[in-house]
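Report on the structure
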Amino acid sequence: MDFLADNNLCGQTLLRLVARGNSIIAELQRLSSYVPQVFRLETREEQQRYGDVVLDFTYFKNPVGFNKKIEDSPVLQAIDDEIRESHLSIISRIYAAFESIQRYVTELNSFLHDLTEGSFIQRTMENTFANEDGKQLLCEALHLYGVMLLVVDSNFCGIVRERIIVAHHRHEGQKASSDTNIDDVCKLLRSTGFSKTPGSKRPPNYPDEYFRRVELPSVYLSLVVGHLRSDDIYHQVAAYPSPEHRSTALSSQAAMLYICLYFTPNLLHNQTAKMREIVDKYFPDNWVVSYYMGMTVNLIDTWEPYKAAKQALNNTLDSSNIKEQASKVGQKCVRLVKQTSQLLGDESFSEARVLDHSNKILNLLRECNVTLRWALLHTASLAAAGGEGHKRCKTVKDQVIFDMKHEPMAVFQLLINTATVELNLNQIYKKLVEEKSQRWDKYRKEANEQVLDLSEVFAGSRPLARVPKNDRLHKWFKDMGEQIMTLNLDEPAASGRKIIQLIQAMKEVKEFHGLESSAGVVQAVDEVVSALQALVKVAGVTDDDLIILTLISDLNYAWILVEEYTSIMQAAIKKDPSHVAKLRATFLKLSSGLDLPLLRINQARSPDLISVSAYYSGELVAYVRKVLQIIPETMFGLLAKIIKLQTEKLKDLPTRLDKDKMRDYAQLQERYQIAELSQGVAVLAEGVAMMDTTLVGVIQVDPRRLLEDGVRRELVKQVAKTLHNGLTFNTKLKGSELYKRLAIVGQHMNGFRTSFEYIQDYIAMYGLKIWQEELSRIVNYNVEQECNQLLTKKISDHESLYQSTAIPIPKFQRLDMQSVNFVGRLTQEILRITDPKITVYISQLGTWYDSKTHSEVLARNVMDKVEASISVAGLTGVDKLLAFLIVTELQNVIKELEVGLQRDPVIKEVVKAMSSQLAPHTHIVSQPQRQYVGWTQKSSKLIAALLDRILRIGQLQILRMHAAHRLNASCKFDSKYLAGALDTMNKCLIADVKGHYADPTKAYPDEDGILTSELNTFLEWCGMTQPLDKIYIITKPKNSMPHILLLTIIAQMSKIHYAKNLGGLVSIRGTEGIDGSPLVVGLVTLLRQYHQDHTQSFIQLLAQYITSHATHVALSGGKSSELPHESVTGLAVLQDVAHKMAIPTKTLATHLPQHLLAAHSG
């Protein structure tokens, strides 16, 4: 029975295990870039903020104590909640990957135990190793386990690993599945002390002690190392027949052996003879090993602590041997570049040439790949290849560079040439194999027809000059035709022998029958021989050549090292954009490296195939993008010059131009420069277009899409940098830089947009569409990051709708503690300028004035300036951030109210007294001054806190109203049809909702909420919102809330008054630190968040306060007919609230005497 057959339980179990091992490694590599920054604790700020919550394995010594410390501190509890809400999903996934390593080795041990105990019928450890597939899988299982351990230790620093495991245990430990064993995971993955930081020392006995944390059967380890040491388990030597290529042929096996030797450290330390045998077989001419997907090590460094291994390697590292190998590789590089260039330069690189010289071309490619492998591995930087900081590694590398006369450009040229030859050869081989049957029939038919023509010539039916009739030759050629038609492609060996005999017979017939005298006959016979020879070549075309080509062209070892040649690739592209087409072959050669991790996953038919192939393909596509990014970068360099010429040199043409000024406006030199630069951009775009659509792994790479993504990426980079640098404000200066900064940024952005629109035709892209999409994405992402400060659950980059790996939005260092980015800085600057404590807002003018000097601080056109500078997207972003800030302030108000009402006995007493003494609301308070002032004094602490919040909310709402007004005006002016359509849609939806509630039998118009959500987005962008009517948060009823709000307003009565000339409430002296408009707007916003009964109650309480003061003055016998200040100011507040909340006057009349309402109106 086949070991990998579906019904072979032993083989399928082992195959699935090995497939899972490859999947685990891919998952570990994928997750390494998603480790939350808080678990690294790299900065002092992070250590101070998160150090008491993000814990390593010291937590397990006293878990109760650590948990109690966190629970007892509200600050630590809030931080802990933040980490759980923001990062739990990714922590759980990383922990699952860690746990899968422990499960993998547990299942491997279980499989080996079952194999030893005879649980698999007719299978033992020994006969499984005797089976070819079994031996490969058993060796791979151990190798992959070792790779997993190295990958997890390299990509997840030991202390970070511990913190993630502890965090998962604390937050998800109780919900974990029953088969999860946290102790085993901790034992396996506790910190080893290893660090990738340059200059850090290697821990003692690393990694062999790390590998021994879970014991594996010694017999199994011995058999794996023994077979890897002595056998050619993958039969790779057949693909490299030359003895000089032996180490390359066995390189994949050498990589496995390198890892597996760490499981038997005694061999590395003491078995000198065996280590000498290993080195002589696998490492006689190389010392840099790629052990999995381009992960490399330098044996000089890694075998340093092992006596036997180090001694065995000395012969390889002998100076004369290094010189010999390096010199030989250097000479081959030069020679092979010439040979491959000549082969590619010949137009004869065709099917015929391949058929004639297939073996020679394959031998050339073997030589190229062997040379490339040695050169790429041994000339790589020590940081990439391993051995950084090791003195001998540096000495050896320097010698290699010197003796080889290393020229990176030569190695790169050899790589491109080799990849191109392989691609062309691969295409020809595939075509030959696919068309083999048709070609066989074609050449056999040609040979048969030629022979029959000759038969007819000798029969006399087809006359030919000087050829007499010959019945014997007529019959002989006719028989030959029959023989040719009996040739069968399904029997290549027999047909091949027969073809050789037929060719020999055809050559002999010319000699024995004196046919050389007839040129026509000779030519016909030669054509028959050519057709028969073509049949031999066609029969020789098999899949074996394709397999050998695939084996020798593997570039898996350079998966990471190729990064070092990125700058060379980019320089070549910049010099000649047509190089992109040549690089396509190199990228395809790199994609061949995907075969290694996917082979077993595919054989096992694992569902992980899609995710693993997508990960590695995505990594390769990201590298392709990185290389080709030089084109957009160069484009934008040219674009910068175009911007400068257009904005600084070119004059705007007037609508009417005098003839004598035409020369001045022609500016021929400047326009020539723009044309030249535009041509340069077009050439770069054309270079990318020369690259055909390519399947890289499982991802289809479209060059046009690649160019567009590159242009978007560079545009995002440039615009984000402009916004970051431009929107910075010096708060220490007198006055504000707001208008100045907005103007500068607006000028830059306008230059970008104008030039981008100009250049779009030269690169065949929709420039305006790209500009709007990317600018919106930049703004939305920065708003999202700014709002993260206000949220418990942070949105990580990988969760963001706006961040992208292909077109990343850059993140910059924050410049102040209040804001994260430019959106926050701009918003905070506007808020600083319009602070209600130092300014007065005149609603009729929409302008802010300094409360002391009465000079204008900010005009009503501030949002116009913001839009002109950073577009509608920028203004929408500011508006969105203002809304988030309002939500935060409202939540803080609710929290402070709850704390005051639940924990402060004084507040409880005040509310209780007010509830009893002010009931019913029509009751007139006899001593209002004494009563109300007494309550406000007792509640002063809570009132002061609420006042700041309410003023802040009012300030934010006023700015939102300005933003909405500007957005709406722009929409109506620039897109009147969109504005009309949205308005109609909104009214229809509201009417349908009202209709449903009036008659529940009618269907609700938006059951899933998608329509409302999408419409709301459009309405916000178009300013068709009413910020004062918006419900920002969900609240619970609080009957005491109107009483607290009343006291908050009453406490301000002595500081504000109604100014008839301004038509609103303002501070009396200008130094009170309060402004009437934000106070009322903030109050209205807060009331909107509650049921209308609370508003009704507040109006009744305020009306009672007004009436009581007016009545008290009237009854006290005062001569003045004027209302008291409290009543006048209270009436102004009441009517302003009623106006903003659309409460009709008749409603107010039910709570206030008519003469009081009339007095204020008068």
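As annotated in an unreviewed UniProt entry, the protein is WASH complex subunit strumpellin from Meganyctiphanes norvegica. Comment text from UniProt for the protein, heading Sequence similarities (unreviewed entry), reads "Belongs to the strumpellin family."

**Brief notes about the overall build of the protein**
Along the backbone of the protein there are 49 helices and 9 strands. On C-alpha atoms alone, the protein measures out to a radius of gyration of 41 Å, which is more than a quarter above the 32 Å that the 2.2 N^0.38 rule sets for 1162 residues. Dimensions along the principal axes, computed over C-alpha positions, put the protein at roughly 150 × 90 × 70 Å. Each of the 1162 residues in the protein was classed as buried or not, and the buried ones make up 51%. For the protein, restricting intrachain contacts to residue pairs at least 6 apart in sequence, the fraction spanning at least 24 positions comes to 77%. Roughly 55100 Å² of accessible area belongs to the protein as shown, and the carbon and sulfur atoms make up 52% of that amount. Averaging the locations of the 132 positively and 131 negatively charged side chains of the protein gives two centres separated by 5 Å.

**Considerations on the sheet that holds strand β5 (residues 839–842)**
Across the sheet, 3 strands lie side by side as β5-β6-β7; this open sheet has antiparallel pairing. Looking at the sheet topology across the chains shown, the edges are occupied by β5 and β7 (856–858). In this sheet, adjacent strand axes meet at a mean angle of 40° when their direction is disregarded. Inspection of the sheet shows β5 paired to strand β6 (residues 847–850) by 4 bridges, in the antiparallel sense. Each residue of the ladder has a partner; that of V840, found in β6, is Y849.

**Considering the nonpolar core**
Counting 322 residues, the largest nonpolar core has Y220 and W303 as its most contacted members. Sorting elements by how many residues they give to this core places helix α38 (residues 862–903) first, with 17 residues. Those residues in contact with W303 that lie beyond four places of it in its chain are Y258, L261, Y262, L268, M275, V279, F283, A309, K310 and L313. In terms of nonpolar packing, the next biggest core, distinct from the first, is built from 29 residues, L473, M480, V509 and A539 among them.

Cut-offs used in this document
- Residues numbered from 1 in each chain as written.
- Predicted model: local features only at pLDDT ≥ 70, side-chain atom pairs only at ≥ 80, totals over all residues.
- Heavy atoms only, no water.
- UniProt positions renumbered as here; feature names shortened; annotations may be inferred.
- Helix = DSSP H or I, 4+ residues; strand = E, 2+ residues; numbered from the N terminus.
- Rg over C-alpha atoms; globule rule 2.2 N^0.38 Å.
- Buried < 20%, exposed > 50% of the residue type's maximum accessible area, 1.4 Å probe, protein only.
- Contact = heavy atoms within 4.5 Å.
- Areas by Shrake-Rupley, 256 points an atom, 1.4 Å probe, with all protein chains shown as cover.
- Lys, Arg positive; Asp, Glu negative; His and termini not counted.
- Charge placed at Lys NZ, Arg CZ, Asp CG, Glu CD.
- Pairing = 2+ DSSP bridges.
- Axes fitted to C-alpha atoms, helices over the stretch in contact; angles between N-to-C directions.
- Core = buried A, V, L, I, M, F, W, Y, C linked by side-chain atoms within 4.5 Å.

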